[in-house]
Each structure stands twice: as structure tokens, then as C-alpha cells.
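Summary of structural features
Below, each chain spelled out in residue letters.
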Amino acid sequence: MKKIIYLFIALFGSILYFSSCEKDDVLEDGNIDYVHDTIVKFDTVHVINLQHEYDTIYVHDTSYIREIVSYRDTIFHIDTICVKDTIYYEITPPNNFVYPSSKIWYHGANNPTLAAEKSQKFEGLEFDINYSSSTGNLYVCHNIEDTIKGITMEQLFEALPDPASNWYWIDFKNLSAIWADEAIEKIDSIVQKYGVKDHVWIEYFNTLDVQTIKNHGFQTILTVENLYGQSYGEYMWYYYLLGKITEVQPSAIGCDYTMAELLSRYFPNREIFLWHSTVYYTDEYAEKTRQLCRIPSVKVVLVDYDEPITY
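Going along each chain's sequence as written, the residues are numbered from 1 onward. Local features in a predicted model are, by the rule used here, given only for residues with pLDDT of at least 70; side-chain atom pairs are given and counted only at 80 or more, and totals for whole chains, interfaces and linings are based on all residues. Note that the side-chain values use all heavy atoms of the structure and ignore hydrogens as well as water.

1. Focus on helix H7 (residues 234–248)
A rise of 1.5 Å per residue sets the reference length of H7, with its 15 residues, at 21 Å; its end C-alpha atoms lie 21 Å apart and thus fit the reference within 8%. Those residues of H7 lying buried are Trp237, Tyr238, Leu241, Leu242, Lys244, Ile245 and Val248. The secondary structure listing takes helices from DSSP runs of H or I that are at least 4 residues long and strands from runs of E that are at least 2 residues long, numbered from the N terminus. How far a helix is expected to stretch is found by multiplying one less than its residue total by 1.5 Å. Any residue under 20% of the maximum accessible area for its type is buried, any over 50% is exposed, and the rest in between are partly exposed; the area is computed with a 1.4 Å probe on protein chains only.

2. Digging into the environment of Met259
For Met259, the position within the fold is in the loop between strand E13 (252–256) and helix H8 (260–266). Put simply, Met259 and Asn226 are 33 residues apart on the chain and 6.6 Å apart in space, counted from C-alpha to C-alpha. Residues count as neighbours in contact if any of their non-hydrogen atoms are within 4.5 Å of one another. In contact with Met259, other than residues within four places in its own chain, are Glu225, Asn226, Leu227, Tyr228 and Trp237.

3. Notes on the pairing of E13
Counting buried positions along E13 yields four of five residues, so the element is predominantly enclosed. Strand pairing is assigned whenever DSSP identifies at least 2 bridges connecting the two strands. Pairing analysis gives three bridges linking strand E12 (residues 219–223) to E13, with the strands arranged parallel. Pairing of Leu222 across the sheet is with Ile253, part of E13. The crossover handedness rule: strands pointing away from the viewer, path from first strand over the helix to second strand clockwise, crossover right-handed. Between E12 and its parallel partner E13, the chain crosses via H7, and the hand of that crossover is right-handed. With H8 bridging E13 and its parallel neighbour strand E14 (residues 272–275), the resulting β-α-β unit is right-handed.

4. Some remarks on the nonpolar core
For this analysis, a nonpolar core means a set of buried residues of the types Ala, Val, Leu, Ile, Met, Phe, Trp, Tyr and Cys, connected via side-chain atoms within 4.5 Å. Counting 64 residues, the largest nonpolar core has Met153, Phe157, Phe172, Ile187, Trp237, Leu263 and Phe267 as the members making the most contacts within it. When neighbours within four sequence positions are excluded, Met153 is seen to be in contact with Phe127, Ile129, Leu138, Val140, Ile170, Ile187, Ile190 and Val191. Ranked by size, the runner-up nonpolar core spans ten residues in total, among them Tyr99, Trp167, Ala252 and Val300.

5. Quick look at the confidence of the model for the protein
Caution is warranted with low-pLDDT regions, since their predicted coordinates should not be read in detail. What pLDDT conveys is the predictor's confidence in a given residue, as a value from 0 to 100. Looking at the protein as a whole, its pLDDT mean stands at 78, while 69% of the residues score no less than 70. In this model, residues 5–94 is a region of pLDDT below 50 whose contacts with residues beyond four sequence positions or in other chains number 150 contacts.

6. Structural notes on the pattern of salt bridges
Basic side-chain nitrogens of Lys or Arg form a salt bridge, by our definition, when they fall within 4 Å of a carboxyl oxygen of Asp or Glu. Tallied over the entire structure, the rule returns twelve salt bridges. Two residues, Lys121 and Glu307, come together in a salt bridge whose shortest N-O distance is 3.2 Å. Highlighted residues: Lys121 in the loop between helix H3 (112–119) and strand E8 (124–132) and Glu307 in the segment after strand E15 (298–303), separated in sequence by 186 residues. Judged by its relative accessible area of 32%, Lys121 falls in the partly exposed class. Relative accessible area serves as the criterion here: at 44%, Glu307 is assigned to the partly exposed category. The salt bridge involving Asp146 is made with Lys149; its shortest N-O contact spans 3.9 Å. Taken together, the salt bridges that share partners define one network made up of Glu117, Lys118, Lys121 and Glu307.

So, in C-alpha cells, the structure goes:
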């Protein structure tokens, strides 16, 4: 009988501890070792290989999600954290890509003449691709019905004065699991021909298709859901997006510029590609573009300006 009572007391005490623990308790009792490339232990939960400058560890229980951000040798705690359920972590190796000197890229270079002109002014170009499985061609156009114009990706690259001097954001509009490999192989053959594969990022929203793109050795951009206008809240958006990013580990995440603050706050160790486009140049728009470019994790901002701007 005494053993049962002692067991009950021990169990009850443990419940009280976990329900009342605060960040100081985690610091004191969590046996944290700040040295890089070591194991950080929170009770029975281990996080291995904290080695990069911006590692984010997502800690949650059944009621909320919080994050602990490791910056150099310091761990910052947000609110009260009780580590008692599941821990998610992502370790993102540094991207070895050498980006162009300017983050300002031209949006919608969807015909050979325009692409050739803008390639002389902008280091980076974005264009849209639709694939026709019936003809086996990649068409440069935003909408599938515009494939009738017959502008192919091959023709676009043929028109560029010096393809190797530019970087490319390919926005794929209609990938399908049925022929994704076939379409990406055709992109591969074109960019290999012009020696620009290491200057190319391919964007799509479906994680399975993004994985197919990765399997062919391309840098990838996972299109991110815009929270604004959705029926769900911020944490639901964050948790859902975290799952997608963890699953596919894209090279970058991409979204409309209105999401810049949220993405850089929740995913500071992710490279971010933004579109601040479909607007004409004004001093006000240009200043907003400059603000976006000053965010360290933002690597590309698409614009429709006639000329690139400084920031």
C-alpha cells in the first residue's frame, strides 16, 4: 500500500513540475550545452547537431507552438516553455549558391524580345512555364491557353545575348505527377545546353512535385500560402507550413511581398524569394522594395520596373 502511495505522490509531483515549469527551469534543469556540434538535452528529448548560426527548434505541446532560436552561443526562450511532448527541428546547411549582386530581379520576362532586353539590365529574370504533354514542349506563358502562341523555353534562351550572365526563377504553372519527370528532364536538357543549371531555381507549390524537381538536381522554391484572406489563424498557418518545409526541405520559400515580415520572423534560417510585382514604379513602391531587400533572409524581390533600383 505504501508503495502505491509513494508512486502516486511521485507521479503527481512530476505532473505539477511539468505544468509549472518556466524558462529558467529549462535552463537550469535541461542540461544545456552551448558548444556547437554537441547534444542539447531537455529531460528525455534530445536535439542533435546545433551547428549553424540560425537553427530553429520548434517545441510544442497539445495547446501551443513556441520556438527556441539558437543564435551563436545563446538560446533565447519565448514565453514559458515546458518541454513535454514532441520536438521538431530543422538543420539547414548554408546555401553555397553565389547569388548575383542585386536582389532586384525582373518579373514576367515571358517573351524572347523582352527577356533579351531585360537581361541587359537585370541580373535575374523570372518567367512562367507551362508544359504540354501532347507536344512535348515547354511553353513560356503565364496561362495554359497562351501555349497557342507557341513561344518555347528553348526560343527564350536562344534570344538571350549571354545566358550564363543571368540567373533564372522558373515559375512552373502546371506540373503534374504523371509527367513531372518528363517535363523536368526537358528543362534540364535546355539549361545544360546553355550552361546555366546552377543559375536556376524552379518554383512550385506541391511538395511531391518539388521533390521531383530536387531529384533532378535543381534549386527549388516552395510556393507558400498567403495567410491573409485565409479562414485559419497564424499558428495554424505556421504549423501547416512547417510540416511542408520539413517534408521537402526546399532551397527557398516564395510568396507575395505582404508575407515578408511573417516569413522572416517564423523562418529566419530560410531563404526567401518575394514578388513585389504588377505595380508601376513610384517612389513609394521603390522604397517598399528597398525595405524588402534589406531583410537578410530575403534573397530575391521580383519587380516590374523598367530599370533595377539600388537599395
